[in-house]
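# Survey of secondary and tertiary structure
Read off the chains here:
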Amino acid sequence: MITMENVCKSYKVAKRNAGFLEACKALFSREYEEIHALDNVSFTIRDGEMVGYIGPNGAGKSSTIKILSGILTPDSGTCLIDGRVPWKDRIRHVKEIGVVFGQRSQLWWDVPVIDSFELLKDIYSIPEQVYRSNLEELTDLLNLGELLRSPARQLSLGQRMRCEIAASLLHSPKILFLDEPTIGLDAVSKLAVRDFIKKQNETHGTTVILTTHDMQDIEALTNRIILIGKGRILMDGTINDIKQNDLTIDETVAQLYRSYEI
Amino acid sequence: MLNKMIRAIKLYKHYISINIRSMMQYKASFFATVIGQFLVSFNVFLGIFVMFRRFNSVSGFTYSEVMLCYSIVLLEYTLAEMYARGFDTFSGMVRTGSFDRVLLRPRSEILQVLGNKFELTRIGRLMQAVVMFVYGITQSNVDWSVFRVITVVFMLIGGTMLFTGIFLIYAAICFFTLEGLEFMNILTNGAVEYGKYPISVYGKRMLQFTTFVIPYALVQYYPLMYILGRKSSPAYIFLPLLASLFLIPCYLLWRFGVRHYKSSGS
């Protein structure tokens with residue numbers, strides 16, 4: 001179970017105008033602007049739930065994921081995941097979670113993917129038998145086969161994403177965070193990834209938290225949506241709550257963003 | 001505790017192996033860098049050689065004694081750079097946010113950063129240092145008693161730890177500045193340059209600074225004096241190990257930095 005209560009997080013961002021002179025000026029006196037990335041965020045997610053976490057760019061989605069996964073410490077508020085405070089109990093916490101950042105790779109660039117997997121086996125101290133059966137299952141479901149023997153740098157984006165997802169699940173985590181897992185994928189890869197996530201949730205009861213801009217992802221995978229804008233939770237409900245009959249899902253969400261002025 | 005150590009060493013070996021496999025993908029670049037590393041330090045060696053053709057001694061140290069001193073410093077620095085290169089290139093990790101991944105793994109941050117980059121190309125310089133080392137040992141007229149051999153071993157350990165500590169400070173500062181700070185190179189590359197000659201050559205102030213602030217003299221000047229038979233107190237044998245304590249404040253600074261890590265956007 002994941003609970004977040006009144007979590008706040010703000011950053012200082014240096015601001016300056018364009019131009020060389022401005023850059024020189026900024027070297028000596030810099031103006032900072034305080035950005036409230038998260039402003040009193042609270043929600044609860046039960047075990048085995050699949051939740052779509054949506055919001056426009058810069059709304060605070062990644063910050064939330066980073067706090068939940070223990071990378072960032074919030075300024076105030078509490079967060080408890082299966083009884084653990086992520087940023088205080090880092091090592092015990094990260095054993096139980098898997099995180100996929102769509103925009104960043106966790107595979108070693110120059111060696112075959114399977115070498116990266118073997119290293120992960122040692123990092124997580126996964127027992128040989130568990131590793132074998134997980135690898136077999138993931139290879140089968142994500143259709144990795146031959147991909148495992150190619151270096152990550154030679155894979156296409158879609159192929160790499162499938163490997164990334166497999167890498168995050170080798171240690172059988174109970175919770176899976178997916179940060180834009182379908183970004184830049186073609187239709188076939190997208191469907192394969194969605195299909196896999198759904199199966200993973202059904203067969204292993206993995207709790208899935210998914211951020212995305214692709215509303216079809218949400219439609220295909222989750223019932224529950226949490227909408228965040230300017231650091232505040234604006235809505236927590238199901239896809240049917242917002243759906244309007246004559247509009248497509250993309251139009252609905254655009255309408256929603258506009259109505260909240262985010 | 002012991003079990004944990006064994007697991008850490010096993011993982012570290014795995015990291016080294018994957019680093020080497022990655023490097024072998026680019027064979028030409030690897031061998032070119034190794035040869036380059038060898039030649040650069042060979043140049044320095046030539047410099048000292050030419051100088052001693054004109055002067056017989058520098059502040060009372062002969063050519064072979066200076067060789068012994070320099071080769072030990074170079075060995076320490078090269079060893080530290082080889083395995084602690086991850087700290088040296090750490091600014092990139094912080095700036096791109098790939099340190100996030102380190103925090104997502106259930107292992108010590110330091111072990112992972114070390115494992116992230118093992119710089120095998122430094123083997124070129126290491127070979128150069130070994131050649132000078134052997135020359136220094138055989139030609140310096142030192143009577144190699146057991147205690148003196150132990151002193152050299154302690155020097156190598158203490159010096160490697162000292163350089164590791166400086167790399168660690170360098171990495172810790174990156175948490176706040178996001179960029180590497182070139183001035184820190186004074187403490188690493190600079191130390192190797194200065195380390196060519198026993199530190200007493202540079203005067204009393206320098207000796208004080210390197211005794212109490214950044215303890216280079218503890219791994220270089222003092223034990224060297226013992227080896228060369230100019231000081232006889234057995235306390236000099238252990239001074240290099242004392243220098244390892246320098247790692248403690250470095251580690252605390254690193255911990256402080258980790259807590260201030262802010263990640264990057266997206």
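Description of the structure in this document.

Quick notes on the rules
- Residues numbered from 1 in each chain as written.
- Chains lettered and ligands numbered in written order.
- Predicted model: local features only at pLDDT ≥ 70, side-chain atom pairs only at ≥ 80, totals over all residues.
- Heavy atoms only, no water.
- Helix = DSSP H or I, 4+ residues; strand = E, 2+ residues; numbered from the N terminus.
- Contact = heavy atoms within 4.5 Å.
- Salt bridge = Lys/Arg side-chain N within 4 Å of Asp/Glu carboxyl O.
- Polar contact = N/O pair within 3.5 Å; in protein donor to acceptor, adjacent residues only side chain to side chain.
- Nonpolar A, V, L, I, M, F, W, Y, C, P; charged D, E, K, R; others polar.
- Buried < 20%, exposed > 50% of the residue type's maximum accessible area, 1.4 Å probe, protein only.
- Phe/Tyr/Trp six-rings, centres within 6.5 Å; stacked < 30°, edge-to-face > 60°.

## Focus: unusual backbone geometry
Residues and elements named next belong to chain A. With phi around 50°, Asn-6 is a residue other than glycine that occupies positive phi space. With respect to the secondary-structure elements, Asn-6 resides in strand β1 (residues 2-15). The phi torsion at Asn-40 lies on the positive side, around 55°, for a residue other than glycine. Secondary-structure assignment places Asn-40 in strand β2 (residues 31-45).

## What about the interface of chain B and chain A?
Contact residues are listed per partner, giving 31 residues for chain B and 30 residues for chain A. On inspection of chain B and its partner chain A, the count reaches 5 salt bridges. Of the charged contacts in the structure, one is a salt bridge between Asp-115 of chain A and Arg-21 of chain B, with a shortest N-O distance of 2.5 Å. Where chain B packs against chain A, one counts 17 residue pairs in polar contact (both at pLDDT 80 or more). Top element by residues in the side of chain B that touches chain A is helix α1 (residues 2-23) of chain B. It accounts for 9 residues. Tallied by class, residues from the side of chain B that touches chain A come to 9 nonpolar, 13 polar and 9 charged.

## As for the pattern of salt bridges
All names here are of chain A. A full pass over the atoms with the stated rule returns 29 salt bridges over all chains. For Asp-214, the salt bridge is made with Arg-194, and the minimal N-O distance between the two is 3.6 Å. Of this pair, Asp-214 sits in the loop between β7 (207-211) and α8 (215-221) while Arg-194 sits in helix α7 (residues 187-204); the two residues are 20 residues apart in sequence, bridging distant segments of the chain. Among the residues examined, Asp-214 registers a relative accessible area of 13% and is labelled buried.

## Quick notes on the packing of aromatic side chains
According to the stated counting rule, one finds 25 aromatic pairs over all chains in the structure shown. Both rings, one in Trp-108 of chain A and one in Tyr-15 of chain B, keep their centres 6.5 Å apart while their planes meet at 50°; by these two values the pair is tilted. With Trp-108 of chain A in the loop between β5 (97-101) and α4 (113-123) and Tyr-15 of chain B in helix α1, the pair connects residues from two separate chains. Each member of the pair Trp-108 of chain A and Tyr-15 of chain B is classed as buried. Ring geometry for Phe-30 of chain B and Phe-31 of chain B: centres 5.1 Å apart, planes at 70°, overall edge-to-face. Phe-30 of chain B gets classed as buried once you look at its relative accessible area, which sits at 7%. By relative accessible area, Phe-31 of chain B is classed as partly exposed at 47%.

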